[in-house]
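Topology and contacts: notes
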Amino acid sequence: MITRFAPSPTGPLHLGHAYAAILAHDMARAHGGRFLLRFEDIDRQRSLARWEEAALADLAWLGLTWDAPPLRQSDRLPHHRAALGRLWDLGLIYPCTCTRRDIDAALSAPQEGAAPGPDGPPYPGTCRARPRPAAMPEGVHLRLDLRRALARIGRRALAFQETGPRHAGQITLSPGHFIDRIGDVVLARRDFGTSYHLAVVLDDAAQAITHVTRGDDLFEATAIHVLLQALLELWTPTYCHHKLVRDDAGRRLAKRDDARALSRYRAEGATPADIRRLTGL
Ligand code: GLU
Ligand code: ZN
């Protein structure tokens, strides 16, 4: 068993991070497995080295140990671009020059009532029919051509094993689910050259993660990840989507909520055991 904790170094770790990290760590330790770290720092504008250092100090203070130096997602960009190149050669991605406003204008009003998918309402497809440049372009969004992707998958079942409390069991994903809720997702952002969805899939595979533990807010995004694993011929790990730690008013803890920063509890004299208790562990 190999588990991971994969924070974005864009702010201090708070109680929600502590919960996710301890869960993944303890799970690996209970099974004689390995626990790894990864900094999801593809957003170069918002990621800061000082948040990485602070996170490592907090994790060590919690008593967690990890079995390899942390992987930095930004170091993996060449691998992300290589995978995009493979998808490009298969004709499965296309450039998109739409702005947020273009997309909102192209989506018709009935979207309002419908629950948006993990990345909002499916993209209306404006750029899909444009002539394809000969080489994969840089500096534009690259989107998955969902219908072509599904055609490539053919009759293979898309499914994953979920062990989290809310959805435990085998989750099977139908083509209709992808068409209604996922659509042509962005796999490379014009500003990053990669995306969360692509990076998480490639880097979980590179770290040979067998059990992905993460917040319930990412449950819906797993469909995208399973599809990408199938297209890129990667193995699908087991997923455990856990509860989100909420404040006393039931609100999700946000990164900016520095009042909940672990360092704050630490400074006020809390012990790692207190943190476990506060997160319900
Ligand atoms: N980097 C994400 C976060 O900070 C976690 C991504 C994942 O676990 O898939 O919440
Ligand atoms: Zn477009």
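Residues numbered from 1 in each chain as written. Chains lettered and ligands numbered in written order. Predicted model: local features only at pLDDT ≥ 70, side-chain atom pairs only at ≥ 80, totals over all residues. Heavy atoms only, no water.

Time to look at the overall build of the protein. Scanning the protein from N- to C-terminus turns up ten helices and ten strands. The C-alpha radius of gyration of the protein comes to 20 Å, within 12% of the 19 Å expected for a compact globule of 281 residues. Of all 281 residues assigned to the protein, the portion counted as buried reaches 49%. When contacts within the protein are restricted to residue pairs at least 6 apart in sequence, long-range pairs at least 24 apart make up 80% of them. If you sum the accessible surface of the protein, you get close to 13,600 Å²; carbon and sulfur atoms cover 52% of it. Side chains of the protein give 38 positive and 32 negative charges; the mean places of these two sets differ by 3 Å. (Helix = DSSP H or I, 4+ residues; strand = E, 2+ residues; numbered from the N terminus. Rg over C-alpha atoms; globule rule 2.2 N^0.38 Å. Buried < 20%, exposed > 50% of the residue type's maximum accessible area, 1.4 Å probe, protein only. Contact = heavy atoms within 4.5 Å. Areas by Shrake-Rupley, 256 points an atom, 1.4 Å probe, with all protein chains shown as cover. Lys, Arg positive; Asp, Glu negative; His and termini not counted. Charge placed at Lys NZ, Arg CZ, Asp CG, Glu CD.)

Attention now goes to the pairing of strand β4 (residues 93-96). Taking every second residue as pointing to the same face, both faces of β4 are buried, with I93 and P95 on one and Y94 and C96 on the other. Relative to strand β5 (residues 141-144), β4 is paired through four bridges, and the arrangement is antiparallel. When the bridges of β5 are listed, C96 appears paired with H141. (Pairing = 2+ DSSP bridges.)

Our next topic: the site of ligand 1. Taken together, R4, A6, P7, S8, E40, Y196, V200, R214 and L218 make up the full set of residues adjacent to ligand 1. Y196 is positioned with one of its side-chain polar atoms (N or O) 2.7 Å from an oxygen atom of ligand 1. If ligand 1 stood free it would expose 300 Å²; the protein chains cover 79% of that surface. (Near = heavy atom within 4 Å. Polar contact = N/O pair within 3.5 Å; in protein donor to acceptor, adjacent residues only side chain to side chain.)

This part covers the packing of helix α5 (residues 146-153) against helix α8 (residues 222-231). A pair of packed helices is characterised by two quantities: the angle between their axes and the separation of those axes. One can describe the packing of α5 onto α8 by two numbers: an axis separation of 10 Å at closest approach and a directional angle of 55 degrees. In terms of orientation, α5 lies oblique with respect to α8. Handedness of the crossing formed by α5 with α8: left-handed. Contacts between α5 and α8 involve L146, A149, L150, R152 and I153 from the first element and L227, A230 and L231 from the second. Tallied by class, the residues present in the contact of α5 with α8 amount to seven nonpolar, no polar and one charged. (Axes fitted to C-alpha atoms, helices over the stretch in contact; angles between N-to-C directions. Parallel < 35°, antiparallel > 145°, perpendicular 65-115°, else oblique. Left-handed = near helix turned anticlockwise from the far one by under 90°. Nonpolar A, V, L, I, M, F, W, Y, C, P; charged D, E, K, R; others polar.)

Read from one edge of the open sheet, three strands run β4-β5-β8, paired in antiparallel fashion. At either end of the open sheet lies a strand with only one pairing partner, and these are β4 and β8 (186-188). In this sheet, neighbouring strand axes are inclined to one another by 45 degrees on average, regardless of whether the strands run parallel or antiparallel.

Bringing the side chain of R81 into the picture now. Along the polypeptide, R81 turns up in helix α3 (residues 77-89). Although R81 lies buried, it forms no salt bridge, and the closest oppositely charged side chain, E138, sits 4.1 Å away as judged by the N-O distance. Among all residues touching R81, those that are not within four sequence positions of it are M136, P137, E138, L142, A188 and G193. (Salt bridge = Lys/Arg side-chain N within 4 Å of Asp/Glu carboxyl O.)

The next subject is the coordination of the zinc ion (ligand 2). Only C96 (SG), C98 (SG), Y123 (OH) and C127 (SG) from the protein reach the zinc ion (ligand 2) as donors, at distances of 2.1 to 2.3 Å. Each of the four donor atoms around the zinc ion (ligand 2) contributes to a set of angles spanning 91 to 124 degrees, which defines the coordination as tetrahedral. Donor residues for the zinc ion (ligand 2) sit on one chain with the sequence pattern C-x1-C-x24-Y-x3-C. One end of the pair, C96, is in strand β4; the other, Y123, is in the loop between α4 (100-106) and β5, with 27 residues separating them in the sequence. Accessibility assignment for this pair places C96 and Y123 in one class, buried. (Donors = N, O, S within 2.8 Å, 3.2 Å for Na, K, Ca; no water. Tetrahedral: all angles 85-135°; square planar, octahedral: opposite > 155°, others 65-115°.)

Within the structure shown, the criterion is met by two aromatic pairs. With a centroid separation of 5.6 Å and 80 degrees between ring planes, the pair formed by F160 and Y239 is classed as edge-to-face. Of this pair, F160 sits in strand β6 (residues 158-162) while Y239 is found in strand β10 (residues 238-242), placing the two residues 79 residues apart along the sequence. Of the two residues, F160 and Y239, both sit in the buried class. Site record: aromatic cluster; members linked through ring pairs are F160, F219 and Y239. It is R143 that lies over the ring of Y123; its NZ or CZ is 3.6 Å from the centre. (Phe/Tyr/Trp six-rings, centres within 6.5 Å; stacked < 30°, edge-to-face > 60°. Lys NZ or Arg CZ within 6 Å of the ring centre and 35° of its normal.)

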